[in-house]
Amino acid sequence: MANTTTGKLAIEELKQALKRLPDWQLAGGREAITRKFQFVDFDAAFAFMTRCALLAAKMDHHPEWFNVYNKVEVTLATHDAGGVTQKDIDLAAAMDGYAIVGRDVTPRF
Ligand code: H2B
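Residues numbered from 1 in each chain as written. Predicted model: local features only at pLDDT ≥ 70, side-chain atom pairs only at ≥ 80, totals over all residues. Heavy atoms only, no water.

Q: Hey, could you go over the packing of aromatic side chains for me, with residue numbers and the actual values?
A: With the rule as written, the count across this model stands at five aromatic pairs. A centroid spacing of 4.7 Å and a plane angle of 45 degrees characterise the contact between Phe37 and Phe48, whose relative ring orientation is tilted. Placement of Phe37 in strand β2 (residues 33-38) and of Phe48 in helix α2 (residues 42-59) is noted, with a sequence separation of 11 residues between them. Across the pair, Phe48 and Phe37 agree in class, each one buried. Through successive ring pairs, a cluster of aromatic residues spans Trp24, Phe37, Phe39 and Phe48. (Phe/Tyr/Trp six-rings, centres within 6.5 Å; stacked < 30°, edge-to-face > 60°. Helix = DSSP H or I, 4+ residues; strand = E, 2+ residues; numbered from the N terminus. Buried < 20%, exposed > 50% of the residue type's maximum accessible area, 1.4 Å probe, protein only.)

Have a look at this one:
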């Protein structure tokens, strides 16, 4: 069960949630989830980031991310909880949806 104070998901819940987010994985060395996105060009990547930023502001929940040209590497965690909460899962699912617009072929990382 998720932690009743912080909302941090238990590892089994997290694994279950990741089954529905097949492009996301557990981060190495910390309790977070990550995904690499690749777009056709910088415009598409930045448009994606803009959509995510507007949602993140609304959610008061913010991604850690790194962008170079058409690539965006995202890490999601709830700092206050020291791990992954349902908010991270919800944001990840929304980001997956936004990424469909302007995406490149399968990323080649
Ligand atoms: N974003 C993320 N990813 N994790 C947090 O714990 C978090 C956040 N906390 N955005 C919010 C803002 C916090 O700083 C405010 C005070 O609620």
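Q: Any details on the environment of Asp90? Residues and values, ideally.
A: Along the chain, the position of Asp90 falls in helix α3 (residues 86-99). You can call Asp90 partly exposed: its relative accessible area is 39%. Remark: the alpha-carbon pair of Asp90 and Trp65, spanning 25 residues in sequence, is separated by 17 Å.

Q: Could you give an account of a nonpolar patch on the surface, naming the residues involved and the relevant values?
A: On the surface, Phe42, Phe46, Phe66, Val68 and Tyr69 cluster together into a nonpolar patch covering about 530 Å² of accessible area. Of all elements in the fold, only α2 and β3 (64-68) reach the threshold of two or more residues within the nonpolar patch. Within the secondary structure, Tyr69 sits in the loop between β3 and β4 (71-76). (Patch = residues over 30% accessible without salt bridge, like charges linked within 9 Å, V, L, I, M, F, W, Y side chains within 5 Å. Areas by Shrake-Rupley, 256 points an atom, 1.4 Å probe, with all protein chains shown as cover. Salt bridge = Lys/Arg side-chain N within 4 Å of Asp/Glu carboxyl O.)

Q: Which residues make up the layout of surface pockets, and what values go with them?
A: The volume enclosed by the second largest pocket comes to roughly 150 Å³. Asp60, His61, His62, Ala77, Thr78, His79, Asp80 and Lys87 are the residues that line the second largest pocket. Across the lining of the second largest pocket, the residue classes break down as one nonpolar, four polar and three charged. (1 Å grid on protein atoms, 1.4 Å probe; cavity = no way out; pocket = protein on both sides within 12 Å on 5 of 7 lines; lining within 4 Å. Points joined across faces, edges and corners; volume = space filled by probe spheres on them. Nonpolar A, V, L, I, M, F, W, Y, C, P; charged D, E, K, R; others polar.)

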